[in-house]
Amino acid sequence: PRPRGPRNVLGGELQCCCSAPVTGFFRDGFCRTGNNDVGRHVVCAQLTREFLTFSLSRGNDLMTPVPQFDFPGLSPGDRWCLCASRWAEALEAGCAPPVVLESCHEKALEYVELADLQRHALAP
């Protein structure tokens, strides 16, 4: 049966990416998206030092806390809903972090190939 809620890149029900720290555009732990989510935060990734440094070099500091936006600052090993285009950019640069397929929203497939996500998938 087709899932009633948001679907993941494998066609199943979207699973929680991370609740500590609470991630997602809607800060509910899920990589859900909506009309206001211009960046499409739909790729659930387990962050690496290499990716965090890459993101900083592109002008997006994910390591420094920003309390006014409920942003805790991230460390290697944290899971976070990334912008699909940033993950694709990191893939091209050779530093894409591993992903949790069950927690990547199906909209990610508008930006990246399923095969690329699968090659970077963490074991369930």
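What comes next is a walk through the structure. Just so it is clear, the model here is predicted, and its values are computed rather than measured.

### Observations concerning the packing of helix H1 (residues 49–57) against helix H2 (residues 84–93)
Move 1: The N-to-C vectors of H1 and H2 enclose an angle of 110 degrees; their axes lie 11 Å apart at closest approach. Relative to H2, the element H1 lies roughly perpendicular. Contacts between H1 and H2 involve Phe-51, Phe-54 and Ser-55 from the former and Arg-86, Glu-89, Ala-90 and Ala-93 from the latter.
Move 2: Its residues assigned to classes, the contact of H1 with H2 shows four nonpolar, one polar and two charged.

### Some words on the environment of Gly-39
Move 1: Its location among the elements puts Gly-39 in the segment before strand S1 (41–46).
Move 2: The spacing of Gly-39 and Gly-77 is 38 residues in sequence and 22 Å in space, taken between C-alpha atoms.
Move 3: In this view, Gly-39 contacts Cys-83 and Ala-84; residues no more than four positions away in its chain are not counted.

### Topic: the packing of aromatic side chains
Move 1: The full count for this structure, using the stated rule, is three aromatic pairs.
Move 2: Ring plane angle 85 degrees and centroid distance 5.1 Å describe the contact between Phe-25 and Phe-26, whose orientation is recorded as edge-to-face.
Move 3: The exposure class of Phe-26 is partly exposed, given its relative accessible area of 38%.
Move 4: Judged by centre distance (5.5 Å) and plane angle (80 degrees), the rings of Phe-71 and Trp-80 are edge-to-face. In this structure, Phe-71 and Trp-80 share a single accessibility class: buried.

### A few points about the nonpolar core
Move 1: Residues Val-43, Leu-82, Trp-87, Val-99 and Leu-117 are the most contacted members of the largest nonpolar core, which totals 31 residues.
Move 2: Among the elements of the structure, S1, H1, strand S2 (79–83) and H2 are those that each provide at least two residues to this core.
Move 3: Apart from residues lying up to four places away in sequence, Val-99 is in contact with Val-43, Cys-44, Ala-45, Trp-87, Cys-104, Leu-117, His-120, Ala-121 and Leu-122.

### Topic: H2
Side chains of residues three or four places apart in an α-helix project in the same direction, reflecting 3.6 residues per turn.
Move 1: By the burial criterion, the buried members of H2 are Ala-84, Arg-86, Trp-87, Ala-88 and Ala-90.
Move 2: Positive backbone phi, approximately 80 degrees, marks Gly-94, located one or two places after H2.

The rules we used
- Residues numbered from 1 in each chain as written.
- Predicted model: local features only at pLDDT ≥ 70, side-chain atom pairs only at ≥ 80, totals over all residues.
- Heavy atoms only, no water.
- Axes fitted to C-alpha atoms, helices over the stretch in contact; angles between N-to-C directions.
- Helix = DSSP H or I, 4+ residues; strand = E, 2+ residues; numbered from the N terminus.
- Parallel < 35°, antiparallel > 145°, perpendicular 65-115°, else oblique.
- Contact = heavy atoms within 4.5 Å.
- Nonpolar A, V, L, I, M, F, W, Y, C, P; charged D, E, K, R; others polar.
- Phe/Tyr/Trp six-rings, centres within 6.5 Å; stacked < 30°, edge-to-face > 60°.
- Buried < 20%, exposed > 50% of the residue type's maximum accessible area, 1.4 Å probe, protein only.
- Core = buried A, V, L, I, M, F, W, Y, C linked by side-chain atoms within 4.5 Å.

The quantities given are spatial measurements derived from coordinates; they are silent on function.
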